[in-house]
Amino acid sequence: FFLMIRRPPRSTQSRSSAASDVYKRQGINAEYMGQSEKDGITCYMVIDENGIAMARGEGVVGIPVQELREFLSDNKRVKDYDDMVDKIEVIEIISPNIDITWQKVKGMLVVSPRDYVYLSCSRQKEDGTLYLLGRSIDHPQRPPTKDAVRAFLHIGGWILKPVEGRPDATHYIYMVKTCLLYTSPSPRDRQKSRMPSSA
């Protein structure tokens, strides 16, 4: 799936109503969104006329937060749960919680391969909720090539929340907003994504 929707390896009950409520609060009519469920994760998706794709997955999985974090953060295991990933490489490590990653995803039907360069960061709150988020940036080590269309990730990642009374479970939320139809985002988005290399 070229939107990089990543599902954990095993799960329990779903939380589809919570995602639906979020869309309603944002003024988005969930009836017009593609909805599917797999392994207890309910997914919602929409692509607008400008090629901006938005997706969200939500559910409760039978894995502790820290174990799930280690699984999702291990690039060597990405293909275990996301068969659309072709290649992935950490370009630069800025700190223990921040790095820059390049990822290429396979083409599908009439959709050509895409690649992303994105800044990833993680943060954990006092209540145990963990945020793993990323956003596209430019990096001199990975300029666009002819092998893939350079897509733009506005934001993407996971929110992992402990489940009260269930230390072996995590309330799992995945979200992504990305542009798939053109190789270059708007000048405004490009400016926002620029950052100096730490080298």
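Residues numbered from 1 in each chain as written. Predicted model: local features only at pLDDT ≥ 70, side-chain atom pairs only at ≥ 80, totals over all residues. Heavy atoms only, no water.

1. What about the overall build of the protein chain?
(1) Moving on: Looking only at helices and strands, one finds 4 helices and 10 strands in the protein chain.
(2) Moving on: Reading the helices (α) and strands (β) of the protein chain from amino to carboxyl end gives α-β-β-β-α-α-β-β-β-β-β-β-β-α.
(3) Moving on: Looking at the protein chain as a whole, 43% of its 199 residues are labelled buried.
(4) Moving on: Contacts spanning at least 24 positions in sequence make up 59% of the contacts within the protein chain whose residues lie at least 6 apart. (Helix = DSSP H or I, 4+ residues; strand = E, 2+ residues; numbered from the N terminus. Buried < 20%, exposed > 50% of the residue type's maximum accessible area, 1.4 Å probe, protein only. Contact = heavy atoms within 4.5 Å.)

2. Regarding the nonpolar core
(1) Moving on: Residues Val 61, Leu 68, Leu 72, Tyr 116, Trp 158, Leu 160 and Tyr 172 are the most contacted members of the largest nonpolar core, which totals 24 residues.
(2) Moving on: Of all elements in the fold, only β2 (41–47), β3 (52–61), α2 (65–73), α3 (78–81), β6 (114–124), β7 (130–136), β9 (152–163) and β10 (166–179) reach the threshold of two or more residues within this core.
(3) Moving on: Here this core gets 4 residues from one element, more than from any other, and that element is α2. (Core = buried A, V, L, I, M, F, W, Y, C linked by side-chain atoms within 4.5 Å.)

3. Structural notes on the pairing of strand β5 (residues 98–105)
(1) Moving on: Of all 8 residues making up β5, 6 are buried, and the element is well covered by its neighbours.
(2) Moving on: Connecting the antiparallel pair strand β4 (residues 85–95) and β5 is a turn made up of 2 residues.
(3) Moving on: As judged from the 8 bridges shared by β5 and β6, these two strands associate in the antiparallel manner. When the sheet's bridge partners are listed, Thr 101 is paired in β6 with Tyr 118. (Pairing = 2+ DSSP bridges.)

4. A few points about α2
(1) Moving on: The set of residues buried in α2 consists of Val 65, Leu 68, Phe 71 and Leu 72. Within α2, the buried residues cover an arc of 125° as seen down the axis, which keeps them to one side. (Arc of directions from axis to C-beta.)

5. Some thoughts on the pattern of salt bridges
(1) Moving on: One pass over the full model with this rule turns up 5 salt bridges.
(2) Moving on: In this structure, Lys 104 engages Asp 86 in a salt bridge whose closest nitrogen and oxygen atoms are separated by 4.0 Å. Here Asp 86 lies in strand β4 and Lys 104 lies in strand β5, a separation of 18 residues in the sequence.
(3) Moving on: For Asp 86, a relative accessible area of 26% translates into the label partly exposed.
(4) Moving on: We note a salt bridge from Asp 115 to Arg 150, for which the minimum N-O separation is 2.8 Å. Residue Asp 115 is located in strand β6, and its partner Arg 150 is located in strand β8 (residues 149–150); the two are separated by 35 residues in the primary sequence.
(5) Moving on: Owing to a relative accessible area of 3%, Asp 115 belongs among the buried residues under this scheme.
(6) Moving on: On the accessibility criterion, Arg 150 (8% relative accessible area) is buried. (Salt bridge = Lys/Arg side-chain N within 4 Å of Asp/Glu carboxyl O.)

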